[in-house]
Amino acid sequence: MRFIERFIMQGGGGQLLLILALILMALGALAFVNGRVKVESSGEPSFTYQLGAYPPAAVEFTLEDSQRHRSLPLKIYYPKAEGVFPVIFFSHGTGGSRDAFIHLSRFWASHGYIIIHPSHPGSDKAAAQEEGIIALLDTNADPQQWLDRAQDMTFLISSLPELARRIPALRGRVDGTRIGMSGHSFGAFTTMLLGGAKVTFPGGRSLYMPETRVRACLAISPQGTGKFGLSEDSWSQINLPVMTVSGTRERGESWRKEPFDHMPKGNKFHLVINGAAHGSYNDYKPKRAQGRNGRAVMYRTHLTLQKASLAFWDRYLKGDDHGELQQFMQEAANEKGTLLTVK
């Protein structure tokens, strides 16, 4: 410190700043964020995404289900444009919230979709903070949780006219005839329930509640047999288009592929992303970027998921048959680290 003080007193302050700047530039690129210097390694991705033609926007809202005495906080993404747009519902995983998957929702909205994220009371972030995530995970085996989550989604689908009436940004823009259902982890289970999966409660009673208003499903990290009352026969009656997604670092090529393996043929897709872990699909946080080159793998996972899901939604919600899905399939066949299976 004394050396630095003498160096500055002798007029070397400018040289010292130059030296420090050169050191920082050697480590990475300098960027000012909120008045602070942010240093990024030149070899690391910046998590920037190429959006579509529409600027994405978001609004928060809370909807009350008076019959079930449940309050559902919502975050709704939409394109800032005139027109009528399909709707995608997204169900978060255990301990998640309406703030999950921002990167994916903004991307979809920029391409002409309205995305509705609820927080599921009892299995959301608030519950995790109150009970602890380990204790909360134990409650996933409670069939009441399965039912509550699925009923949250059917209630929201039925409430689309009310949302369009009460939220100015949605007036005249909601197409309630073109609905997609999506989710991650526990939310993937919720998605498959609405898609027509059948599960067995402890004691033998079955739960089967397909949502006929849903046209297509995207399930990220779905569960296989032996959990949540799922068996090999659970997916035998799912006849609508479904894309399931998993990674090689999360039982991706076996257990999480079982829903795809046991669904009937026809408009079914299973995407495996090399290196992706269970948290790789969600928005970037250091703890989610696991393993060697975890940040780079996570960024590549985001880009792959965005492209594959958009091609899927465009085909089955917009009816666009311009070959985007076929093109992605061809690219996946040639790209190292991505495997897309179709039946």
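In this text the structure is predicted, and so the values were computed from the model without any measurement.

(A) Geometry of the nonpolar core. Residues Phe89 and Ile116 are the most contacted members of the largest nonpolar core, which totals 48 residues. When sequence neighbours within four positions are dropped, the list of residues in contact with Phe89 reads Ile116, Met153, Leu156, Ile157, Leu160, Ile179, Gly180, Met181 and Ser182. Counting residues in each nonpolar core, the second largest holds 33 residues, with Phe90, Ala100, Leu218 and Ala276 among its members.

(B) Structural detail: the packing of aromatic side chains. Under the definition given, this model contains 16 aromatic pairs. Grouping aromatic residues by their ring pairs yields a cluster made of Trp108, Phe269, Phe312, Trp313 and Tyr316. In this structure, Arg295 packs its charged tip against the face of Tyr284, placed 4.8 Å from the ring centre. The lysine or arginine in question, Lys318, covers the ring of Tyr113, its NZ or CZ lying 4.4 Å from the ring centre.

(C) Structural detail: the sheet that holds strand S11 (residues 242-247). The strand order across the open sheet formed by nine strands is S3-S4-S6-S5-S7-S10-S11-S12-S13, and the pairing between neighbours is mixed. Lying at the two open borders of the sheet, with one neighbouring strand each, are strand S3 (56-65) and strand S13 (338-342). Across the sheet, the mean angle from the axis of one strand to that of its neighbour is 20°, orientation sign disregarded. As paired elements, S11 and strand S12 (residues 268-273) share six bridges and run parallel to each other. When the bridges of S12 are listed, Val242 appears paired with Lys268.

(D) Structural detail: helix H9 (residues 294-316). The terminal C-alpha atoms of H9 lie 32 Å apart, and with 23 residues this matches the ideal 33 Å at 1.5 Å per residue to within 8%. With 17 of 23 residues buried, H9 is to be regarded as a mostly interior element.

(E) The confidence of the model for the protein, seen in detail. Chain-level statistics for the protein give a pLDDT mean of 85 and a share of 83% at 70 or above. A low-confidence stretch, residues 1-43 (pLDDT under 50), is modelled with 30 contacts involving residues beyond four sequence positions or located in other chains.

(F) Seen up close, unusual backbone geometry. Even without being glycine, His69 reaches a positive phi, approximately 55°. Since its relative accessible area comes to 72%, His69 is described here as exposed. The phi dihedral of Phe101 is positive, around 55°, even though this residue is not glycine. Its place among the elements puts Phe101 in the loop between strand S5 (85-91) and helix H2 (102-110). For Phe101, a relative accessible area of 1% puts it in the buried group.

(G) Layout of the pattern of salt bridges. On inspection of all chains with the given rule, the structure shows 13 salt bridges. Taking the shortest distance from any N to any O, the salt bridge between Arg70 and Asp148 comes out at 3.7 Å. Here Arg70, found in strand S4 (residues 70-79), pairs with Asp148, found in helix H5 (residues 143-158); they are 78 residues apart in sequence, far enough to count as distant. Judged by its relative accessible area of 11%, Arg70 falls in the buried class. Using a relative accessible area of 15% as the deciding quantity, one classes Asp148 as buried.

Cut-offs used in this document
Residues numbered from 1 in each chain as written. Predicted model: local features only at pLDDT ≥ 70, side-chain atom pairs only at ≥ 80, totals over all residues. Heavy atoms only, no water. Core = buried A, V, L, I, M, F, W, Y, C linked by side-chain atoms within 4.5 Å. Buried < 20%, exposed > 50% of the residue type's maximum accessible area, 1.4 Å probe, protein only. Contact = heavy atoms within 4.5 Å. Phe/Tyr/Trp six-rings, centres within 6.5 Å; stacked < 30°, edge-to-face > 60°. Lys NZ or Arg CZ within 6 Å of the ring centre and 35° of its normal. Pairing = 2+ DSSP bridges. Helix = DSSP H or I, 4+ residues; strand = E, 2+ residues; numbered from the N terminus. Axes fitted to C-alpha atoms, helices over the stretch in contact; angles between N-to-C directions. Expected span 1.5 Å × (residues − 1). pLDDT = per-residue confidence, 0-100. Salt bridge = Lys/Arg side-chain N within 4 Å of Asp/Glu carboxyl O.

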